Amino acid sequence: MYSKEELKQLKTEFWNSFAAYCEVQPYLRNRRKMWMLYDTKVKGVELKFDVNRKGAYVVLEVNHRQEEPRLEMYEKLTWYKEMLEKDFPEGLVWDVCYVRETGREVARIYAGLEGIDFHRRGDWGTFFSFMARQMFLLERNFKGIAEYLRE
């Protein structure tokens, strides 16, 4: 088990290593900004990485504080399901009511790779390749529908 300080250091090392990994990937070169993440320009919609002891996840999260706008945006996203899942042969997981560790409800659409543990440095290469490739695809597909979500 890690102490609080050791866990903080491990997370910092993980994310710094991931950034270094992304910088050398040919399909990610020459990007003005590495990832869109919080800057989707669609209110209440963010792209996120979620890494834990169970696996790695790339997430499109609808996080309006109020339930009604959150559900409306989730429904809009379902209209574009085919476009969002275009590069995901196994599809994406659609979770209309995901509860974060903080207890807050959000809607999530995500791809995951389970069975790897972020505490095991030997798994980091698997984390990095999955996260970079899947986020690249999710972001690209999201950009194709973002303008329709702003209406």
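The rules behind the values
- Residues numbered from 1 in each chain as written.
- Predicted model: local features only at pLDDT ≥ 70, side-chain atom pairs only at ≥ 80, totals over all residues.
- Heavy atoms only, no water.
- Pairing = 2+ DSSP bridges.
- Helix = DSSP H or I, 4+ residues; strand = E, 2+ residues; numbered from the N terminus.
- Axes fitted to C-alpha atoms, helices over the stretch in contact; angles between N-to-C directions.
- Contact = heavy atoms within 4.5 Å.
- Core = buried A, V, L, I, M, F, W, Y, C linked by side-chain atoms within 4.5 Å.
- Buried < 20%, exposed > 50% of the residue type's maximum accessible area, 1.4 Å probe, protein only.
- Phe/Tyr/Trp six-rings, centres within 6.5 Å; stacked < 30°, edge-to-face > 60°.
- Expected span 1.5 Å × (residues − 1).
- Arc of directions from axis to C-beta.

Asker: Could you give an account of the sheet that holds strand S3 (residues 93-99), with specific residues and numbers?
Answerer: Taken in spatial order, the four strands of this open sheet run S1-S2-S4-S3, and their pairing is antiparallel. This sheet does not close on itself; its edge strands, each paired only once, are strand S1 (45-51) and S3. Put simply, the sheet's adjacent strands are angled 30 degrees from each other on average, direction ignored. With eight bridges joining them, strand S2 (residues 55-62) and strand S4 (residues 105-114) adopt antiparallel strand pairing. Its bridge partner being in S4, Val 58 is matched across the sheet by Ala 111. Contacting S1, S2, S3 and S4, helix H2 (residues 67-79) crosses the sheet at an angle of about 45 degrees to S4.

Asker: Please give an account of the nonpolar core that cites residues and values.
Answerer: With 44 residues, the main nonpolar core has Trp 35, Leu 60, Leu 77, Leu 84, Phe 127, Met 131 and Phe 142 as its most contacted residues. For this core, the elements supplying multiple residues, two or more each, are helix H1 (4-23), S1, S2, H2, S4 and helix H4 (124-149). Per-element accounting of this core gives the leading share, 14 residues, to H4. Aside from chain neighbours lying at most four places away, what touches Met 131 is Phe 14, Trp 15, Phe 18, Phe 49, Val 51, Ala 56 and Val 58.

Asker: Requested: an account of the packing of aromatic side chains, with residues and values cited.
Answerer: Under the criterion given, the structure shown has 16 aromatic pairs. Ring geometry for Tyr 21 versus Phe 128: centroids 5.8 Å apart, planes at 45 degrees, classification tilted. Placement of the pair is Tyr 21 in helix H1 and Phe 128 in helix H4, with a sequence separation of 107 residues. Look at Tyr 80 and Tyr 148: their rings are 5.7 Å apart centre to centre, the planes differ by 15 degrees, and that puts the pair in the stacked class.

Asker: Summarise H2; cite the residues concerned and give the values.
Answerer: Taking 1.5 Å per residue as the helical rise, H2 with its 13 residues ought to reach 18 Å, and the 19 Å between its terminal C-alpha atoms agrees with that figure. Residues of H2 that are buried: Arg 70, Met 73, Tyr 74, Lys 76 and Leu 77. The arc that holds every buried residue of H2, seen down its axis, measures 155 degrees, which confines them to one face. Exposed residues lying more than 90 degrees from the buried face of H2 are Glu 68 and Trp 79. Looking at the buried side of H2, the elements it contacts are S1, S2, helix H3 (81-84), S3, S4 and H4.

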